[in-house]
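Okay, here's what each chain looks like letter by letter:
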Amino acid sequence: MRNLFSFELSEKRGTYKSLKTLHTSHTMSKLNPYLSIAENRIREQVGAFIKEQIKQTEDQLFELIESSDELSLNFVLVTSITGIGKVTALELIISTGNFKRIDSARKAAAYAGVCPYPNQSGNIAKKSRIHFRANKKLKSLLHICAKTTCIHNKEFKLYRERKMLEGKHFYLVMNNVSNKLLRTVYAVVDSQKPFDPHLITLDPRFL
């Protein structure tokens, strides 16, 4: 099962990379005044084919998750969290080894690139940065989920507003919210209880 997941995920990421390369090439080609209608049509057909391949791979991954009680339970738990959809839950389960290979929210945040690590040597300290091996696809999905969660969940909305009032940059705030979202994911998986959208976690600093 694990090897099959690894193969499917590798194929999915490779297809995403091909689609991104094609999209970039297509965007640049639009600046070419000599671009033929036939070439443009071929690019669109290739793009449609790659998107269909991505959909088929995702469908196969969903089938694999449904075939396992343990995987399907965690999938239901993760998607119970406001803002997290099926695609993000799928990416989280596979990337983290069903939350066993990457067994903590802190490790997951570093892996997803939503937790910058210090960049310093001796007495020289530079701006914190994201590791070059971070999963950019997962980071992008988490940012999308973070935006949705902040709209529909009061606790996350207040958390984002507090971070903005601290003067932090928007993208840094989204990293903070994504980090909090990952902590919620691992809390739900560890407790094996669905997310309660009405629960407000009090900040211990203000107790």
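Structure: see above.
Note that the structure is a prediction, hence the values are computed from the model and not measured. Within each chain, residues carry numbers counting from 1 in the order of the written sequence. Predicted model: local features are reported for residues with pLDDT of at least 70 only, side-chain atom pairs are reported and counted for 80 or more only, and whole-chain, interface and lining totals are derived from all residues. To get the side-chain values, all heavy atoms of the structure are used, and hydrogens and water are removed first.

Participant: How do you make sense of the overall build of the protein when you look at a structure like this?
Facilitator: Scanning the protein for helices and strands turns up eight helices and two strands. Only DSSP runs of H or I with at least four residues qualify as helices, and only runs of E with at least two residues qualify as strands; both kinds are numbered from the N terminus onward. Ordered by position in the sequence, the α and β elements of the protein form the string α-α-α-α-α-β-β-α-α-α. Think of it in three bands: with a 1.4 Å probe and only protein chains considered, a residue is buried below 20% of the maximum accessible area for its type, exposed above 50%, and partly exposed in between. Within the protein, the fraction of its 207 residues that count as buried is 38%. By definition in these notes, contact holds between two residues if any of their heavy atoms fall within 4.5 Å. Put simply, of all contacts in the protein between residues at least 6 apart along the chain, 68% involve residues at least 24 apart. All accessibility values rest on the Shrake-Rupley procedure with a 1.4 Å probe; residue burial counts only the protein chains present in the view. As displayed, the protein has an accessible area near 13,300 Å², and 57% of this comes from carbon and sulfur atoms.

Participant: Sorry if this is basic, but what is going on with the packing of helix 4 (residues 86-95) against helix 6 (residues 136-152) here?
Facilitator: When two helices pack together, you describe them by how their axes are tilted relative to each other and by the distance separating the axes. Note on geometry: axes are C-alpha line fits, over the in-contact stretch for helices, and angles between N-to-C directions span 0 to 180 degrees. One way to put it is that helix 4 packs onto helix 6 with a least axis distance of 10 Å and a crossing angle of 140 degrees. The pairing of helix 4 with helix 6 is recorded here as oblique in orientation. In the crossing of helix 4 with helix 6, the sense of the turn from one axis to the other is left-handed. On helix 6, the residues that touch Val87, Thr88, Glu91 and Leu92 of helix 4 are Lys137, Leu138, Leu141, Leu142 and Cys145. Residue composition of the contact of helix 4 with helix 6, by class: six nonpolar, one polar and two charged. Angular relationships are summarised with four words: roughly parallel below 35 degrees, roughly antiparallel beyond 145, roughly perpendicular across 65 to 115, and oblique for the angles in between. Each crossing gets its handedness from the near helix: less than a right angle anticlockwise from the far helix is left-handed, clockwise is right-handed. Residues are grouped as follows: nonpolar covers Ala, Val, Leu, Ile, Met, Phe, Trp, Tyr, Cys and Pro; charged covers Asp, Glu, Lys and Arg; every other residue, Gly included, is treated as polar.

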